[in-house]
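Now for the letters of each chain:
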Amino acid sequence: QPGFSAPAPFDPTHIVQQLQEVVRSKKSKGFIELVARLGPQELEAVKKAYASATGSTLIKDAEQDASFRFKDVLVGILKSREEYDSDALYQAIVGAGTDEEALIDILIGMPRSHLELVKQCYQRDHKESLEQAVKGDTSGDFQKFMTYLLRGRDETTTVDQERARADAVKLFQAGEGKLGTDEETWYQTLTTPNWHQLRAIMRAYEASPMTSHHHLIQATESEFSGWIKTAIVAMLTFATNPGE
């Protein structure tokens, strides 16, 4: 149209040069002023250009050079969601003993597509796969459950009611319907289907006379203990109330 011109493509070069100067001068306030005004796509472009120009990363230099007063604010601005989650998982794994509660909170409701990005960040930043790290720092049933969880859940929204009823029977036969518990059948059945399908399985379990109309959470509490019980109950609670 006459008089209309498209905006010029974003060029991060000038901002990268300014950031390098701020890093050298250790003026963290100036660092924040530069990056806080950038949109998400612009910030990612600046981070890539900075790494290319300096051989370092913007987050690393911010952590090393920013004053203690502004460091947490600055690093929070710079990190993407997947970088934040990757770092939170690292802290849960490498601390004095595994923080099982943090692993559960971070991973239970994580979409598979986001989980794949988190895995990439973890591998890049810590030179080890997330699966290897979790496996090396957990044991027993909790380790097996986490192995299934880290494969990622189906992200579709389709529901197969017949399959849900069959899976409800499978869970009963692997738990309340037998002596002992077939844990891996539970792990696979609960961590694989999409959230809509999992809710259908829960409804089918409760609707069946075979289960004495027990809720699946009730069955979990009678079949499991410790952190594995906490993890499965958290998963089923999230399935019922995904916004909480």
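Residues numbered from 1 in each chain as written. Predicted model: local features only at pLDDT ≥ 70, side-chain atom pairs only at ≥ 80, totals over all residues. Heavy atoms only, no water.

Enquirer: Would you mind going over the packing of helix 6 (residues 81-94) against helix 8 (residues 112-126) with me for this structure?
Expert: A pair of packed helices can be characterised by two numbers: the angle between their axes and the separation between those axes. The contact between helix 6 and helix 8 brings their axes to 8 Å, and the two run at 65°. Both helix 6 and helix 8 take part in a crossing whose hand is right-handed. Contacts between helix 6 and helix 8 involve Arg81, Glu82, Glu83, Asp85, Ser86, Asp87, Leu89, Tyr90 and Ile93 on the former and, on the latter, His114, Leu117, Val118, Cys121, Tyr122, Arg124, Asp125 and His126. Across the contact of helix 6 with helix 8, the residue classes break down as seven nonpolar, three polar and seven charged. (Axes fitted to C-alpha atoms, helices over the stretch in contact; angles between N-to-C directions. Helix = DSSP H or I, 4+ residues; strand = E, 2+ residues; numbered from the N terminus. Left-handed = near helix turned anticlockwise from the far one by under 90°. Contact = heavy atoms within 4.5 Å. Nonpolar A, V, L, I, M, F, W, Y, C, P; charged D, E, K, R; others polar.)

Enquirer: Sorry, what's going on with helix 8 here?
Expert: Note that an α-helix has 3.6 residues per turn; residues three or four places apart therefore point the same way. Spanning 15 residues, helix 8 covers 21 Å between terminal C-alpha atoms, matching the ideal 21 Å at 1.5 Å per step. Considered for burial, the residues of helix 8 that qualify are His114, Leu115, Val118, Lys119, Cys121 and Tyr122. All buried residues of helix 8 project into a common sector of 165° when viewed along the axis, lining one side. Looking at the buried side of helix 8, the elements it contacts are helix 6, helix 7 (100-107), helix 9 (130-137) and helix 10 (140-149). Once helix 8 ends, the next one or two residues include lysine 127, with phi positive near 55°. (Expected span 1.5 Å × (residues − 1). Buried < 20%, exposed > 50% of the residue type's maximum accessible area, 1.4 Å probe, protein only. Arc of directions from axis to C-beta.)

Enquirer: Explanation requested: the packing of aromatic side chains in the structure shown.
Expert: The geometry of two aromatic rings is summed up by the distance between their centres and the angle between their planes. The tally for this structure, following the rule as stated, stands at six aromatic pairs. Relative to phenylalanine 224, the ring of tyrosine 187 has its centre 6.3 Å away and its plane inclined at 35°; by these criteria the two rings are tilted. Here the residue tyrosine 187 occupies a position in helix 12 (residues 183-191), and phenylalanine 224 occupies one in the loop between helix 14 (216-223) and helix 15 (226-240), the gap between them amounting to 37 residues. When sorted by exposure, tyrosine 187 lands in the same class as phenylalanine 224, which is buried. Pairwise contacts between aromatic rings join Phe145, Tyr148, Trp186, Tyr187 and Phe224 into one cluster. A cation over an aromatic ring shows up here: arginine 151 above the ring of tyrosine 148, its NZ or CZ 4.5 Å from the ring centre. Note that arginine 153 overlies the ring of tryptophan 195, its terminal NZ or CZ placed 4.1 Å from the centroid. (Phe/Tyr/Trp six-rings, centres within 6.5 Å; stacked < 30°, edge-to-face > 60°. Lys NZ or Arg CZ within 6 Å of the ring centre and 35° of its normal.)

Enquirer: Help me understand the nonpolar core, please; the structure alone is not making it clear to me.
Expert: The tendency in soluble globular proteins is for nonpolar side chains to be buried side by side. If you look at the biggest cluster of nonpolar residues, it comprises 48 residues, and the most contacted ones within it are Leu130, Phe145, Trp186, Leu190 and Leu216. If near-sequence neighbours (up to four positions away) are discounted, tryptophan 186 is found in contact with Leu171, Ala174, Gly175, Thr181, Leu216, Ala219, Thr220 and Phe224. One finds Val23, Ile32, Val35 and Leu58 within the second-largest nonpolar core, a separate group that totals 19 residues. (Core = buried A, V, L, I, M, F, W, Y, C linked by side-chain atoms within 4.5 Å.)

Enquirer: Looking at this structure, how should I read the environment of histidine 114?
Expert: Relative to the helices and strands, histidine 114 is located in helix 8. Residues histidine 114 and phenylalanine 145 lie 31 residues apart in sequence; the distance between their C-alpha atoms is 19 Å. Excluding residues within four positions of it along the chain, histidine 114 makes contact with Arg81, Glu82 and Asp85.

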